[in-house]
Amino acid sequence: MAEQGVKLDQIKFCCSICLDLLKHPVSIPCGHNYCSRCIEEYWNQDYQRGTFSCPQCRQMFFPRPVLRKNTMLAEVMESLKTPVFIAVPPDQCYAGPGDVACDSCTERQLKAVKTCLQCLVSYCDTHLQLHYQSPALKEHKLVKASSKIQKNICSHHNEVRRVFCRTDQQCICSLCSVEEHKGHDTISAAAERIERQKELHTSQQNIQQRIQEREKDVKVLHQEAESINHSADRAVDVSDTVFTELNSSIDKKQSEVRELIRDQQKRKVSRVEEQRKRVKQEVTDLRRRHAELDQLSHTEDHIHFLDGYTSLSRLCESTHPVNSNVRPLRYFEDVTVAVSKVRDKLEGILKEEGANVSDAVNRVDVLLSTPEPKTRAEFLKYSCPITLDPNTAEQQLSLSKGNRKATKVYKGPSHPYHPERFTEWHQVLSREGLTGRCYWEVDWSGYSTEIAVAYKDIGRTGKYCDCQFGYNDKSWSLRCYNGYYCFRHGNIDHKINGPVSFRVGVYLDHSAGTLAFYDVSNTVTLLHRVQTTFTQPLHPGFVVRSFDNTVELCDLKYIARP
């Protein structure tokens, strides 16, 4: 026990840098003692930074202190003849790549186990003992060794950043709070951490709630996927059955037609063969009579000639003459034409009804959809660039600001002829056909205007029901007056009361069949919503009714988003 006590006394006289007994001990202004060579080398490393600190308490000195020999410690060191080395405990190891090294080791650095948030230094087990033994250091906050601790030092004043500036939302040191951040709303970093911890807890709860909601959505979507697979498998089975039955009916009809043709072929060929045999027999008889007449013509007996000729001339007359007049016949060509007509009709039916089947397949949708935006910031995420098409503008409409603004003028700009141009109404359509999710905003002025969307194949000439926005099933229009709104589609009006806004937002979810108009002058207020099925891309359009009326597509990228 006595030996252990002596050893403990010797440890107290060890240099905290080299871990050996003090050699030529010197004292620095804070009162700590080091080997003269150790502290000189330590400060030489800090020379470029122009600052000098104590390796133990981190007190800063400027200028570099003058080292003075500690005479009393030098005499004590002389009395200790045998130097004491502190061996590295077996549970410690030297710092390797990726490890945090001890900042107090001067030779080969050991792996640090703790980092002091006050000293901003990482220590191995040996150099950490001073924090456990010294009353002044026991209050320091020790955390797991970290290589990022230097980020807590202010780069301007080389002090620990213990203050939080709420004005600039950043951590600063005490000198920053009286210089660059003077007059700002500041608080200790610890106090701000408590407040932010509460917010963090609330955020965690919100995220956890969203996780639970999304997990429910995942379950519902999984069930939806299974339902889709089941429905698709059933549809494939039914379609296979239908087409198999159809093919069977066609094969049956094909067999019936083939058999009918072959039966008719046999009957007609049989009749022709019978007639052919009769004609052949008649030819044989005629040849025989021809020979008899030839023989009679050479006889010299006049009486025999006259008797024979009278008899043979009667036999040459045919009692059943055969019609030998050959005429062109079509035979079974009419059957070929009839079958071809059946084929054409079937192909037409398959093409027409097949398109309906394809449309039915394309209309299949899942149960869940992305929630519709609620705030203007959420709407702006779907903003899209839109420009007006000069080829559609009516003669009295003038386009400006990069084809984003439309104005009615007394003398038209003499647009050249174009098949896409409106000729009866003061209207214009956009170049872009929109699908998916889109959002745009419109500024207007004057007595009234119309903000619309339409299919590209809407009429360009003719009566109002053919081509004017809102009067047909190919366009949807919101007419804005000074005192109210009026929505029109298919020539059916829907009046909307309320204060009129000179900035209107339009939201389109093409696949969901949603079209909505909003008052966005102050807050986002729904004016009118349409729920339908869109079969073509939609083109935004305007009606400019009077000479004091202007309509302009807003450039949303220059609008301050809330």
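Position labels on residues start from 1 in each chain and follow its written sequence. Under the rules for a predicted model, residues below a pLDDT of 70 receive no local features and side-chain atom pairs below 80 are neither given nor counted, while totals for whole chains, interfaces and linings still include all residues. Note: side-chain values were computed over all heavy atoms of the structure, leaving out hydrogens and water.

Undergrad: Whenever I open this one, the overall build of the chain confuses me. Can you help?
TA: Counting from the N terminus, the helices are DSSP H or I runs at least four residues long and the strands are E runs at least two residues long. Within the chain, the secondary structure is distributed over 10 helices and 24 strands. Note on classification: 1.4 Å probe, protein chains only; a residue is buried when its accessible area is under 20% of the maximum for its type, exposed when over 50%, partly exposed between these limits. For the chain, the residues scored as buried account for 30% of the 562 residues in total. Any two residues having at least one pair of non-hydrogen atoms within 4.5 Å are treated as being in contact. Residue pairs in contact within the chain that sit at least 24 positions apart in sequence constitute 55% of those at least 6 positions apart. To be clear on the numbers: accessible area is Shrake-Rupley with a 1.4 Å probe, and residue cover counts the displayed protein chains and nothing else. Surface summary for the chain: the accessible area is close to 37100 Å², and the carbon and sulfur share equals 53%.

Undergrad: Would you mind showing me how to read the sheet that holds strand β20 (residues 503-509) here?
TA: Note on pairing: DSSP must find at least two bridges between two strands before they are called paired. One open sheet accounts for 7 strands, arranged β12-β13-β24-β15-β20-β21-β22; its pairing is antiparallel. Edge positions in the sheet fall to β12 (397-400) and β22 (525-531), since each has one partner strand and no second. For this sheet the average axis-to-axis angle between neighbouring strands, irrespective of direction, equals 20°. Note on geometry: axes are C-alpha line fits, over the in-contact stretch for helices, and angles between N-to-C directions span 0 to 180 degrees.

Undergrad: How should the nonpolar core be read in this particular structure?
TA: As used here, the term nonpolar core means buried Ala, Val, Leu, Ile, Met, Phe, Trp, Tyr and Cys residues forming a set that is joined through side-chain atoms within 4.5 Å. Of all hydrophobic cores here, the largest spans 35 residues; its most connected members are Trp440, Trp476, Leu478, Leu515 and Phe517. Tallying contributions element by element places strand β15 (residues 437-445) first for this core, with 4 residues. Leaving out residues up to four positions away in the same chain, tryptophan 476 has contacts with Ile451, Ala452, Val453, Tyr455, Phe487, Arg488, His489, Leu515, Val530, Thr532, Phe534 and Leu538. Judged by nonpolar contacts, the second largest core, of 19 residues, contains Leu21, Ile28, Tyr34 and Cys38.

Undergrad: What is the right way to look at unusual backbone geometry in this model?
TA: Where the residue is not glycine, phi is negative for most of them; where a peptide bond is considered, it is trans in most cases. Positive phi values are uncommon outside glycine, yet lysine 401 reaches one of about 50°. Its place among the elements puts lysine 401 in the loop between β12 and β13 (405-408).

Undergrad: Is there a simple way to explain the pattern of salt bridges in this structure?
TA: Whenever Lys or Arg places a side-chain nitrogen within 4 Å of a carboxyl oxygen from Asp or Glu, that contact is recorded as a salt bridge. Under the counting rule described, the total for this entry stands at 19 salt bridges. Lysine 253 is the partner of glutamate 256 in a salt bridge, and the nearest nitrogen-oxygen pair spans 3.2 Å. Highlighted residues: glutamate 256 and lysine 253, both in helix α6 (residues 189-297), separated by 3 residues, approximately one helical turn. Owing to a relative accessible area of 38%, glutamate 256 belongs among the partly exposed residues under this scheme. Classification of lysine 253 by relative accessible area gives partly exposed; the value is 47%. With a closest N to O distance of 3.2 Å, aspartate 344 and arginine 343 form a salt bridge. Given a relative accessible area of 41%, aspartate 344 falls into the partly exposed group.

Undergrad: What's the story with the confidence of the model for the chain in this structure? I'm lost.
TA: Low-pLDDT stretches of the model should not have their predicted coordinates read in fine detail. For every residue, the predictor states its confidence as a pLDDT score lying anywhere from 0 to 100. Averaged over every residue, the pLDDT of the chain is 82; residues scoring 70 or more account for 88%. Predicted confidence in the chain is weakest over helix α1 (residues 2-12), with a mean pLDDT of 48, and strongest over strand β14 (residues 427-429), with 95. The model gives residues 1-8 a pLDDT under 50, and that stretch makes 0 contacts with residues more than four places away or in other chains. Confidence drops under a pLDDT of 50 for residues 82-86, and excluding neighbours within four residues, the segment shows 11 contacts in the predicted structure.

Undergrad: Is there a simple way to explain the pairing of β20 in this structure?
TA: The element β20 is extensively covered by neighbouring structure, given that 6 of its 7 residues are classed as buried. Across 7 bridges, β15 lies against β20 in antiparallel orientation. In the strand pairing of β20, tryptophan 440 is matched with valine 506. With 6 bridges connecting them, β20 and strand β21 (residues 514-519) associate as antiparallel partners. The residue of β21 that forms the bridge with aspartate 509 is threonine 514. The antiparallel pairing of β20 with β21 creates a hairpin that spans 4 residues between the two strands, and glycine 513 there sits at a positive phi of about 75°.

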